[in-house]
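Structural overview for review
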Amino acid sequence: MKTRTLVAILGLLLLVLVVGGCNGEEQTAQPCPTSAPCPDCPTAAACPECPEAAECPTAEAAECPECPECPEGAGEGAAACPFGEEWASSAHADAEAEAFVHWDEDDPAEVPANCAACHSTPGYQDYIGADGSAVWAVDQAAPVGTTVSCGACHNEAAAMLDSSPILFPSGITVTVEGPAARCAVCHQGRASGLTVDAAIERAGLEDMDTASEDLGFTNIHYFAAAATMYGTLAKGGYEYEGRTYDAKFDHVEAFNTCVECHDSHTLELKVESCAGCHAEADPKDIRMEGSLVDYDGDGDLEEGIYYEIETLQEMLLQGMQAYAAEVAGAAIVYDAGRHPYFFGDANGNGAVDEGEGGYAAWTGRLARAAYNYQTSLKDPGAYAHGGKYIIALLYDSIENLNEALGEPMDLSAAHRTDHGHFAGSEEAFRHWDAEGMVESGCATCHSADGLPFVVAHGVQIEQELSNGFECETCHASLADYSVHSIESVTFPSGAEVTADDAAANLCLTCHQGRSSSATVDRAVGDVEADVVLESGRFINIHYFAAGATLFGTEVKGAYEFEGKEYAGRFEHVEPYDTCVECHDVHRLSVVVDDCRVCHPEVESAEDLVAIRLVDTDYDGDGDVEEGIAGEIETMVEALYASMQAYAATTAGTPLHYDTARYPYFFADANGNNAVDEGEGAYNAWTPALLKGAYNFQVVAKDPGAFAHNGTYVLQFLYDSIEALGGDVTAMTRP
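Residues numbered from 1 in each chain as written. Predicted model: local features only at pLDDT ≥ 70, side-chain atom pairs only at ≥ 80, totals over all residues. Heavy atoms only, no water.

**Brief notes about the overall build of the protein**
Across its full length, the protein carries 27 helices and twelve strands. For the protein, the residues scored as buried account for 45% of the 734 residues in total. Entry remark: accessible area of the protein is about 36,000 Å², with carbon and sulfur atoms responsible for 52%. (Helix = DSSP H or I, 4+ residues; strand = E, 2+ residues; numbered from the N terminus. Buried < 20%, exposed > 50% of the residue type's maximum accessible area, 1.4 Å probe, protein only. Areas by Shrake-Rupley, 256 points an atom, 1.4 Å probe, with all protein chains shown as cover.)

**Brief notes about the packing of helix H25 (residues 628-651) against helix H26 (residues 687-700)**
H26 packs onto H25 with a crossing angle of 155° between their chain directions and a minimal axis gap of 10 Å. Considered as vectors, H25 and H26 are oriented roughly antiparallel to each other. Crossing handedness for the pair H25 and H26: left-handed. In this structure, H25 contributes Ile632, Val636, Leu639, Tyr640, Met643, Tyr646, Ala647 and Ala651 to the contact, and H26 contributes Ala688, Leu689, Gly692, Ala693, Phe696 and Val699. Taken together, the residues of the contact of H25 with H26 sort by class into 13 nonpolar, one polar and no charged. (Axes fitted to C-alpha atoms, helices over the stretch in contact; angles between N-to-C directions. Parallel < 35°, antiparallel > 145°, perpendicular 65-115°, else oblique. Left-handed = near helix turned anticlockwise from the far one by under 90°. Contact = heavy atoms within 4.5 Å. Nonpolar A, V, L, I, M, F, W, Y, C, P; charged D, E, K, R; others polar.)

**Looking at the side chain of His656**
Assignment of secondary structure puts His656 in strand S11 (residues 655-657). In this structure His656 comes out as buried when scored by relative accessible area, which is 12%. Reaching out from His656, the side chain makes a polar contact with the backbone oxygen of Asn673 at a distance of 3.3 Å. The contact partners of His656, leaving out residues within four places of it in the chain, are Tyr640, Gln644, Tyr664, Phe665, Phe666, Asp668, Asn673, Ala674 and Val675. (Polar contact = N/O pair within 3.5 Å; in protein donor to acceptor, adjacent residues only side chain to side chain.)

**Some thoughts on the environment of Ala529**
With respect to the secondary-structure elements, Ala529 resides in the loop between helix H21 (517-524) and helix H22 (546-551). Classification of Ala529 as partly exposed rests on a relative accessible area of 41%. Put simply, Ala529 and Leu724 are 195 residues apart on the chain and 9.4 Å apart in space, counted from C-alpha to C-alpha. Contact partners of Ala529, with chain neighbours within four places excluded, come to Tyr646, Thr686, Pro687 and Ala688.

**Topic: the nonpolar core**
Counting 72 residues, the largest nonpolar core has Phe665, Tyr682, Trp685 and Leu689 as its most contacted members. Per-element accounting of this core gives the leading share, twelve residues, to H25. Setting aside residues up to four positions removed in sequence, Leu689 forms contacts with Met643, Tyr646, Ala647, Ala651, Leu655, Tyr682, Ala684 and Leu724. Residues Val196, Val293, Leu401 and Leu411 belong to the second largest nonpolar core, which totals 55 residues. (Core = buried A, V, L, I, M, F, W, Y, C linked by side-chain atoms within 4.5 Å.)

**Brief notes about the packing of helix H10 (residues 225-234) against helix H15 (residues 382-402)**
Look at H10 against H15: their axes get within 8 Å of each other, and the N-to-C directions meet at 40°. The orientation of H10 relative to H15 falls into the category oblique. Between H10 and H15 lies a crossing of left-handed hand. For the pair formed by H10 and H15, the contact residues are Ala225, Ala227, Thr228, Met229, Gly231 and Thr232 on the first element and Ala382, His385, Gly386, Tyr389 and Ile390 on the second. Taken together, the residues of the contact of H10 with H15 sort by class into six nonpolar, five polar and no charged.

Purely geometric numbers; function is a separate question.
Printed below as a string of structure tokens:
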């Protein structure tokens, strides 16, 4: 009815204009105005009739263009367009919603250009260039009275968006898969962390705890599901400096985009499809096998991710309220249904009362936290779209507020991220974000698809970025959860071994390091032990090379000195003789309860370091009660001392080690045992020093070395100390 009325009005206006122009003096013949275009049929109403062309006194009437025929069966009560009834039931069709009537009473009554893209069909078409204009810009205001109808998403320009880069408010373009790209155009929010920082900068704030009337609240906007889903790739949330965040949340194939999980016309979630994998009736109760930590610290590891987020939201709001009163000097209250959402709470009653306006004592710290709080709330499906990204944003916001609070919020039991394989926010998976792909040399162990690809093809190529491992990374079938089959594993030394267990062989594929004795020998060649190498650089075994430690001299992961004998694979008791028998395959933690059967002193994981089976004093400190871990620790300290003494005297350049900073070994010009500005990577490597440093790193990067093969570790540490001239007279080599 609205469409027919609009067409009729347009026809009358044309008639009035023509008649007005022809009244009075005889006019020169002018072409008759064309008829209004036939409207689309978005509702169940019959196709509207085409308006007649106006007649001019001095010109023949223009023929009315023919209207397209209505689909068969169309008419009153019949859907004239495919999925018309479904669309009519959706929020996109709700002509009375605030999203579409907000500007009806404005003067002029029009949807402003900066809102039109997502609050009108003409605006959306303008934004994506369907009207022939530039893409990613709205050139003019849109008329009120429209919704998001069929013509918004079903046109040639919209189809061109599919699987193409979509511009996000951060200025970053992200390739969104398939037709979901059309959704991401609007469901991305209108702000990002950069927007918040820009507002802080405009307010001239340098101290993040100083309130300013020139700083206001930054609202991400509403239903920014794409910002949540694409995480740090789109940077929709406020990401704190020095922190890394989850990237796109990848669901299983066929249910990995907006239109695969939601009906594209009703917008409803396809809940019946979820039941194929999730027994939970309510999606809010879903929690995956990879979610093995207590994010909110409430002790409940069974609740759905929705509830983990809910508790963190409550904690953040409490922290914001405490900070506002204590630091900003003005109490704050939040109202989710009332713009601008954050209000001054003069009487401190936790409610917005008459006369209490928008909050006006914003500090930079509070503005950042408030932005993340709102980001988490205005995407009601955040727990499913990218729950881990939201959890990290909330956690970091609380942690940042704590820096200024007299009584910080208690995060001691909360967790920001997951265990290693599922820690998508960590450097192991985020290192390649700038490049956009994980290079082939790293893809096997640092992407979700790399391991199954190399199992299937025997070679590796670059892989897409991932948010940690997925079920299919290790499991060949999700029906019976069988794992990919690997009969044997080739180590960097060229040695081929097997753990006699397919699952454990998967572990060894990545937990083997990337270098060996042979790597070091090739680097030093035939240069004498104490001569500084030309262009020498540190060789890093890589990280968590437990397999190299476990198999000892069989794979020669550590540097083995000529003429020395070394232990082979450490054979533990049955049935605790492989990675998957001693570690939980998802949590990766040691199954401590099983250790206790033979080692009664072990009550927790912290007690594992106390285990020892012999009374030999390997490190020479006189303590035969400490665990093997303690024996190794003393030898590591002795090796580092030997390295520093050797570096300063023989190599001629003092050395310092930083376990968390690549490339780990630095020149220490002033000898203060710290990395100072201007002190770069160590470059005075001699063969003897390089071998010692390599073995030092082998132990440092395998935190469970004492349990994986303590004998092998003690052997190569002893030999490294001895080769550098360290004192081993009180020590015993196994």
